[in-house]
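What follows is each chain in one-letter form.
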Amino acid sequence: MNLDNLGLTRNIVLVSFSVSLLILGFNLSTSLLVLYLSQLGFNSFMVGLIVTVARLAFALLTLPSGVIADKLGYRLPIVWSFSLCSISLFLMYLVSNPLLFSILVVLLWIGTAIYGPSISSYVSKASSKGKVALAFGWYYAFTTTSQVIGQTLSGIMAQNFGYKSLFAVGGVLSLFSLVIVTYVVRKSNSSTKNNFILFTLDDFKKGLDFFIKNSSVRKLSIALSFHTIGFLTSYTFIPLVASLDQNFDDATIGLLLAIWSIGNAVFQIPFGKLSDKVGGKIILLLHVLLSSLIWWVYPFVNSFLLAVVIMIVQGVVGAMDMPARRLIMQDVSEENFATAVGVLDSFTTFAGSLGPFISGVLWNYGHWAPFVFGSAINFVSFLLLIL
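Residues numbered from 1 in each chain as written. Predicted model: local features only at pLDDT ≥ 70, side-chain atom pairs only at ≥ 80, totals over all residues. Heavy atoms only, no water.

**Some details on the overall build of the protein chain**
No. 1: For the protein chain, the count of helices and strands is 17 helices and zero strands.
No. 2: Reported as C-alpha extents along the three principal axes, the dimensions of the protein chain are approximately 55 × 45 × 45 Å.
No. 3: Across the 387 residues of the protein chain, 59% fall into the buried class.
No. 4: For the protein chain, the proportion of contacts with a sequence separation of at least 24, taken over those separated by at least 6, is 87%. (Helix = DSSP H or I, 4+ residues; strand = E, 2+ residues; numbered from the N terminus. Buried < 20%, exposed > 50% of the residue type's maximum accessible area, 1.4 Å probe, protein only. Contact = heavy atoms within 4.5 Å.)

The following block contains the structure:
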């Protein structure tokens, strides 16, 4: 069976592998980041605030990054993005000052923001005709598998070698990913001879104009913003619940997060194929509904076995999201796909950045509170998608 029959191309395989290395380094370094921030002396409120600021920066830079990708091509945003991630991780290994470390956390999230729309546009254009969602299914299967490995190893390495080792290895992996992706996208789709990337106010304005004028992207962005708030309100403090309430060690916490990602990775391809057949809208709607039904359960779990079961279910439900979401984006705006992705991801992430902050506020009312609130606010997303 050749690659085309699988919904793959050589370029999709190569770019998926390079992004997977970057995501491996990122997840290795950030899966237990809330625990390391606590170790540096930050309380739960400050931990939530730092993650919130990082995600706000992510959201802010994602908006023009899609415009930049459509204007300058894939290569420059991707290379700059991977470079910033690599530099940030190496510096996180070297820095011990809490304030400086917090700034580097923000820079790391900015780095991950810039490449997203460019990579999505690259995968969309490199996919076989009629197999766009399947191509994204493969892409997210690759990248989520690397997330599994990163989350699993993070707990083991932190327990045996300390948190600092995570940033050092993450930096090395991101550097390798930079070398590979620079080779893969060496021929950009750009017609300009600019050899630098610069975000201008005009790029932000174009992104905002696209959001205002494209009603489909605007409505989807608003609906999925509630979904992202709910997800990050629930997800952010899972390591703290696992550590403080369930008495799991770092290795076990990393394993649980990896189990979630395993289900996500395994089912990306089937849900991508299904989305191509039945359409992305119905799959996305089911994903949001099932998310509300399952997210609130975790803090009430008392045993490792039940925690594993919950994580498996979470992973399967999570796999329904991205292939369907990206297929909808191509249907809505194939010509300006990177801009559409950048606008959607920017607004959902901007709103979702409230999630960790809300978690920090609700934490003192009960460790279950962020999870129940996250599920409730996510149900608003389900209602808006129906409407």
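**Quick look at the side chain of Asn 378**
No. 1: With respect to the secondary-structure elements, Asn 378 resides in helix 17 (residues 369-386).
No. 2: Residue Asn 378 is classed as buried on the basis of its relative accessible area, which comes to 0%.
No. 3: Here Asn 378 is in contact with Phe 226, His 227, Gly 230, Val 288, Ser 291, Ser 292 and Trp 295, once residues within four sequence places are set aside.

**Looking at a nonpolar patch on the surface**
No. 1: On the surface, Leu 274, Val 278, Ile 282, Leu 286, Leu 290 and Leu 293 cluster together to form a nonpolar patch covering roughly 500 Å² of accessible area.
No. 2: Residue contributions to the nonpolar patch peak at four residues, all from helix 12 (residues 280-294).
No. 3: Along the chain, the position of Leu 274 falls in helix 11 (residues 250-278). (Patch = residues over 30% accessible without salt bridge, like charges linked within 9 Å, V, L, I, M, F, W, Y side chains within 5 Å. Areas by Shrake-Rupley, 256 points an atom, 1.4 Å probe, with all protein chains shown as cover. Salt bridge = Lys/Arg side-chain N within 4 Å of Asp/Glu carboxyl O.)

**Considering the nonpolar core**
No. 1: By size, the foremost hydrophobic cluster in this structure holds 103 residues, and its most contacted members are Phe 101 and Tyr 298.
No. 2: Ranked by the residues each element gives to this core, the list is headed by helix 5 (residues 98-126), at 14 residues.
No. 3: Excluding its chain neighbours within four sequence positions, the residues that come into contact with Tyr 298 are Ile 238, Val 241, Ala 242, Gln 246, Phe 248, Leu 256, Ala 307, Ile 310, Met 311 and Phe 371. (Core = buried A, V, L, I, M, F, W, Y, C linked by side-chain atoms within 4.5 Å.)

**Focus on the packing of helix 1 (residues 10-30) against helix 4 (residues 75-94)**
No. 1: The geometry of helix 1 relative to helix 4 is characterised by a closest axis approach of 11 Å and an angle of 30° between their N-to-C directions. Compared by their axis directions, helix 1 and helix 4 come out roughly parallel. Between helix 1 and helix 4 the crossing geometry is left-handed. On helix 4, the residues that touch Ser 18, Val 19, Leu 22, Gly 25 and Ser 29 of helix 1 are Phe 82, Cys 85 and Leu 89.
No. 2: Grouping the constituent residues of the contact of helix 1 with helix 4 by class yields five nonpolar, three polar and no charged. (Axes fitted to C-alpha atoms, helices over the stretch in contact; angles between N-to-C directions. Parallel < 35°, antiparallel > 145°, perpendicular 65-115°, else oblique. Left-handed = near helix turned anticlockwise from the far one by under 90°. Nonpolar A, V, L, I, M, F, W, Y, C, P; charged D, E, K, R; others polar.)

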